[in-house]
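Spelled out, the chains give:
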Amino acid sequence: MDKNCQEEQFTGIIKFKPPLYEQRYQFIKDLVEKYKPKKVADLGCADCSLLWMLKFCSCIEVLAGLDVCASVMKEKMHRLSPLPGDYLQPAERSLTVTLHHGSVAHKDPCMLGFDLVTCIELIEHLEHSELKKFPEVVFGFMAPSIVVISTPNSEFNPLLPGVTLFRHPDHKFEWNRTQFQSWALETARRYDYSVEFTGVGHPPTGMENVGFCTQIGVFVRKYPQTSESSQSEKPTEAVYETVFKAVYPSLKDEKYLQNAVVGEVIFTAQIIKQSLMDYLMSEHKEYNDDPTERKCKFQPSMNCFSEDLGKLVVEKSMEPFVNGNVVYVPLKTIFSFPKVNRLCGTFEKLCKLIAGKVTLSSDGSAVMINTEHENEEN
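Conventions used here
Residues numbered from 1 in each chain as written. Predicted model: local features only at pLDDT ≥ 70, side-chain atom pairs only at ≥ 80, totals over all residues. Heavy atoms only, no water. Helix = DSSP H or I, 4+ residues; strand = E, 2+ residues; numbered from the N terminus. Expected span 1.5 Å × (residues − 1). Bend = angle between axes of the 7 residues up to and from the residue. Buried < 20%, exposed > 50% of the residue type's maximum accessible area, 1.4 Å probe, protein only. Contact = heavy atoms within 4.5 Å. Axes fitted to C-alpha atoms, helices over the stretch in contact; angles between N-to-C directions. Parallel < 35°, antiparallel > 145°, perpendicular 65-115°, else oblique. Left-handed = near helix turned anticlockwise from the far one by under 90°. Pairing = 2+ DSSP bridges.

Draft legend 1. Quick look at helix H6 (residues 128-142). The end-to-end C-alpha distance of H6, which contains 15 residues, comes to 20 Å, matching closely the 21 Å that a straight helix rising 1.5 Å per residue would cover. Phe134 marks the point of greatest bend in H6, at about 30 degrees, and the proline Pro135 comes within the next four residues. Burial in H6 covers these residues: Leu131, Phe134, Pro135, Val137, Val138, Phe139, Phe141 and Met142. If you follow the buried residues of H6, they end up packed against strand S1 (39-43), strand S4 (116-120), strand S5 (146-152), helix H7 (177-190), strand S6 (193-200) and strand S7 (214-221). Phi turns positive, to about 45 degrees, at Ala143, one or two residues after H6.

Draft legend 2. Quick peek at the packing of H6 against H7. Close contact between H6 and H7 brings their axes to 11 Å; oriented N to C, the two are set at 40 degrees. On the basis of the axis angle, H6 is oblique to H7. H7 is crossed by H6, and the crossing has right-handed handedness. Taken together, the residues of H7 that come into contact with H6 (itself represented by Leu131, Phe134, Pro135 and Phe139) are Trp183, Thr187 and Arg190.

Draft legend 3. Summary view of the sheet that holds S7. Taken in spatial order, the eight strands make up an open sheet running S6-S7-S5-S4-S1-S2-S3-S8, and their pairing is mixed. Each end of this open sheet is capped by a strand with a single partner; those strands are S6 and strand S8 (241-247). Taken pair by pair, the neighbouring strands of this sheet meet at an average axis angle of 15 degrees, ignoring direction. One ladder, built from three bridges, connects S1 with S4; its direction is parallel. Across the sheet, residue Asp42 finds its bridge partner in S4, namely Thr118.

Here it is in structure tokens:
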């Protein structure tokens, strides 16, 4: 049975709002917003709910989940796959999500280099032999900058109707606050971490002495890892089985960046062209289509554009113009638009990315757009 569902049966009478598991996940999300880790691993990820929530955090570039039960992960792992919208509008960051089948009692090099490791309602599921190995694997081997461990507070259990021994049939133990803090402080001391204690799930009024329903320890490594210590006694043999991997489309991949830039260039050129055509149409009406009068007005001045567009077109050489049935929009004008500028960074990169993808003038300085279709409509 899912550990969250089992827990909610017992805590339902107290009615935590939001539910206790959501409070735990929100605690992690708030921590991510505070510390901005790029690489996050969730040990005991179960149905991947926390990973699914974290994939929307823009600072995270690598997400990994580990669980001893592959079938539980596989039930919901499809939620971690990119959606069609992720391909239509790739994010600026890269994101890779990987799920591994294995035990937290074993070391695997795929778990090295993480900034944050979460262990939400995990340790109480470990056998004594696994719990004994757990600190060395997580704090000694993986050695992330931050580790978050949550576990039930057994002092709260008398307030939960239906709980006789433990909150979940798979729990091997449940600690009170003194037991958890004693274990956490010793672990922190041994591996050079500091630890602070908190929790989620406030007790009812008048019962504050029992503490939080879920107790949490936040461990922060005191010293940055040296290259020497990080390489010492690190095994190279993989023991986990990878059961899922998704690489999200990203603008850091030049293929997706090129598609985004080409689309934005064409979109921007169309906006500028439309401003120009609207101006020419107004001139057409003003001069009653007198070719003599229109000829001198055929090259538009700055005031034919909207105020925002006019601010961007600051030089005469950046003004679009019409020749026959073709509108020429200078690339310098397009590059001056904030989104195009942000995507490309340099004018040279803009030219490189659109080469062969957009119709350009013979000297490559302007985007060419045919106006025959608009003339037919008008």
